[in-house]
Amino acid sequence: MKIRSILAYSTVACGVAITVMSAPPMVGLTAPSSASTVIAQQTDLNLAGEGEGTLSIGSRPSQTVTFVTVTSRPNQQVEITLRLADGNLQRWEGQLVSRSADEAQIQLTSAGAADATGTLTVRYQDTNLISLIGSGTLDGQPLSIRFTIADDSVSRPPTPSVETFTQQGQGVFGLQGRPNQTISFASVTVQPDNSAEMSIRLADGNNIAFAGQQTRRTAEDIVLNLTASGNADAQGPANIRYGPKNSILSISSNGTLDGQPFFIQFSGQQSTAQPPAAPPATAAIICTGQMQNGWQYRAEATNQRFSQIRWERSGVEPTVSTLRFYRNNAQGQPVYRGSFRAATELALVDLSGGNPHPGSQISIGVEEWGWSRGNCR
């Protein structure tokens, strides 16, 4: 059993690409049906879901998504509507690429009057939308969305995790034959398949984006092999050091851009050299709830860190799961790992963002059990 099957909720990114499983050949047919024929034979998509997610576009502040609809149109066209927390709507158009009984993939084609590219994965049960995950570009700016419904009783299928690292700071971009330019902001996005994008913002407001592949990853740094920059060829490594909440500490890179030597040196602005010291020991925070299968849980946190979960169920001997910190998700929420009786993987997400207190909440996911929201006191 793998932890990633329940960790998707801990990380909450536009165009929908839907992967459709090919139907097996039917007896009596001389040739298998094409993917478009299989899609056409299925009922129309008419999905809706209320929940919470994050929409990120370029260097703009991330926006909260509260409601999503996905509706199919003639000729495999799909419309995706996102309602944001500020009441505004985002409407995207896409092409249905593939579809199965519980998942679809859509290729993003436009967002209003703007050009858009990318792939969205939609997961659903009947007409209930479960999650919308995707990434791409909007008018050339990196775009990502991660949305999941608020109903914890629904067992969510595994979803890949897209990680984004950002930081304001100061640096230098140099390209042979041109004056050096100042860098004021940098971001790095790594996809589940290790494809990556690194973007730097120059003092004149222009952005330079590099595409590449993650070749190494540790708890402190990432190494990318750069392969392109827009329509230009690029070659060279990029070393990215990162810190708390996926902040970029530094970037060091050099190579060639369309055959011309270039270099990047960037240092992220850090408020302190070390993370804030933990506050003095205080009374433990207790967070309680119940899984759909009847197991009641009691998660304990001291000094703002969760250490264990006590499980109880009528007629069954209680058990305790020890937790270990895993990492912060894309929303800066601490994620802890553990197991139920050393056999079933579990995860706890501290929805307070690392400051559990009376009135805050946690989310606990156990493989094959689904998710449950707990309240702290």
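Residues numbered from 1 in each chain as written. Predicted model: local features only at pLDDT ≥ 70, side-chain atom pairs only at ≥ 80, totals over all residues. Heavy atoms only, no water.

### As for the environment of Arg313
The test is simple: Segments assigned H or I by DSSP are reported as helices when at least four residues long, segments assigned E as strands when at least two residues long, and all are numbered from the N terminus. Think of a polar contact as two N or O atoms within 3.5 Å of one another; within protein, one of them needs to be a possible hydrogen donor and the other a possible acceptor, and neighboring residues in sequence only count if both atoms come from side chains.
With respect to the element layout, Arg313 can be found in strand β19 (residues 305–313). Among the polar contacts made by the side chain of Arg313, one reaches the main-chain carbonyl oxygen of Asn293 at a distance of 3.1 Å.

### Considering the sheet that holds strand β17 (residues 285–290)
The strands making up a sheet associate through hydrogen bonds between their backbones, and the pairing can be parallel or antiparallel. Heads up, the rule is: DSSP bridges decide pairing: two strands pair if at least two such bridges lie between them. Between N-to-C directions, angles span 0 to 180 degrees; the directions come from axes that are lines fitted to C-alpha atoms, helices contributing only their stretch in contact.
Here nine strands make up an open sheet; going across it, the order is β20-β19-β18-β17-β25-β24-β23-β22-β21 and the pairing antiparallel. A single partner strand is all that each edge strand has here, and the edge strands are β20 (316–322) and β21 (324–328). Going across the sheet, the axis of each strand differs from the next one's by a mean of 25 degrees, ignoring polarity. The pairing of strand β18 (residues 296–302) with β19 spans seven bridges and is antiparallel. Note that in β19 the partner of Thr302 across the bridge is Arg305.

### A short note on the pattern of salt bridges
Heads up, the condition is: Throughout this description, the term salt bridge denotes a Lys or Arg side-chain nitrogen within 4 Å of a carboxyl oxygen of Asp or Glu. Exposure classes here rest on a 1.4 Å probe applied to the protein chains alone. A residue is buried below 20% of its type maximum, exposed above 50%, and partly exposed in between.
For the structure on display, the rule yields eight salt bridges. A salt bridge links Arg327 to Glu163; the shortest N-O distance between them is 3.2 Å. Of this pair, Arg327 sits in strand β21 while Glu163 sits in strand β9 (residues 163–175); the two residues are 164 residues apart in sequence, bridging distant segments of the chain. By relative accessible area, which is 23% here, Arg327 ends up partly exposed. Given a relative accessible area of 9%, Glu163 falls into the buried group. Across the pair Asp221 and Arg216 runs a salt bridge, and its minimum N-O distance is 3.6 Å. Residue class for Arg216 comes out partly exposed when judged on its relative accessible area of 40%. Sharing partners across several salt bridges, the network here consists of Arg73, Glu79 and Glu93.

### Regarding the state of the cysteines
The following threshold applies: Cysteine sulfur atoms are paired as a disulfide whenever they come within 2.5 Å of each other.
Within the structure shown, the criterion is met by one disulfide. The disulfide partner of Cys287 is Cys376, and the gap between their sulfur atoms is 2.0 Å. One quick way to see it: the torsion about the S-S bond of Cys287 and Cys376 is about 100 degrees, and its sign makes the bridge right-handed. You can see Cys287 sitting in strand β17 and its partner Cys376 sitting in strand β25 (residues 370–376), a full 89 residues away along the chain. By relative accessible area, which is 0% here, Cys287 ends up buried. Under the relative-accessibility criterion, Cys376 is labelled buried at 7%.

### Describing the side chain of Arg201
The condition that has to hold: Positive charges come from Lys and Arg, negative ones from Asp and Glu, while His and the chain ends are left out of the count. Whether two residues are in contact is decided by their heavy atoms, any of which lying within 4.5 Å being enough.
If you trace the backbone, Arg201 turns up in strand β11 (residues 195–202). There is no salt bridge for the buried Arg201, and the closest opposite charge comes from Asp204, which lies 8.9 Å off by N-O distance. Contact partners of Arg201, with chain neighbours within four places excluded, come to Ser59, Thr182, Ile183, Ser184, Phe185, Asn206 and Asn207.

### Observations regarding the nonpolar core
Put simply, the test is: Here, nonpolar core refers to any group of buried Ala, Val, Leu, Ile, Met, Phe, Trp, Tyr and Cys residues whose side-chain atoms link them within 4.5 Å.
Leu55, Val68, Val70, Ile80, Leu82, Trp92 and Leu132 are the most contacted members of the largest nonpolar core, which has 29 residues in total. Counting only elements with at least two residues in this core, the list comes to β1 (46–57), β2 (63–72), β3 (77–84), β4 (89–99), β5 (103–111), β6 (114–125), β7 (128–138) and β8 (141–149). In this structure, Leu175, Ala196, Leu224 and Ile248 belong to the second largest nonpolar core, which totals 27 residues.

### What about the pairing of strand β16 (residues 260–268)?
Sheet analysis places β9 next to β16, joined by seven bridges and oriented antiparallel. Looking at the pairing, Gln170 lines up with Ser267 of β16. Pairing of strand β15 (residues 248–257) with β16 involves eight bridges; the strand directions are antiparallel. Bridge pairing in β16 places Ser252 opposite Gln265. With antiparallel pairing between neighbouring strands as the criterion, β15 and β16 make up a hairpin whose turn holds two residues, including Asp258 at a positive phi of roughly 50 degrees.

### Things to note about the sheet that holds strand β13 (residues 221–229)
Strand order in this closed barrel of eight strands is β9-β10-β11-β12-β13-β14-β15-β16, and the pairing throughout is antiparallel. Between one strand and the next, the sheet's axes are offset by a mean angle of 30 degrees, whatever the strand orientation. Looking at chain direction, β9 and strand β10 (residues 181–190) are connected through nine bridges and run antiparallel. Directly across from Gln167, in β10, lies its bridge partner Ala186.

### Looking at the confidence of the model for the protein
Rules: pLDDT is defined as a per-residue confidence score from the predictor, taking values between 0 and 100.
Overall, the prediction assigns the protein a mean pLDDT of 81, with 82% of residues at 70 or greater. The least confident element of the protein is helix α1 (residues 4–7), whose mean pLDDT is 42; the most confident is β17, at 95. For residues 1–41, every residue scores under 50 in pLDDT, and the model assigns this stretch 128 contacts once sequence neighbours within four places are set aside. Note that pLDDT drops below 50 for residues 152–159; the model gives that stretch 30 contacts with residues more than four away or on any other chain.

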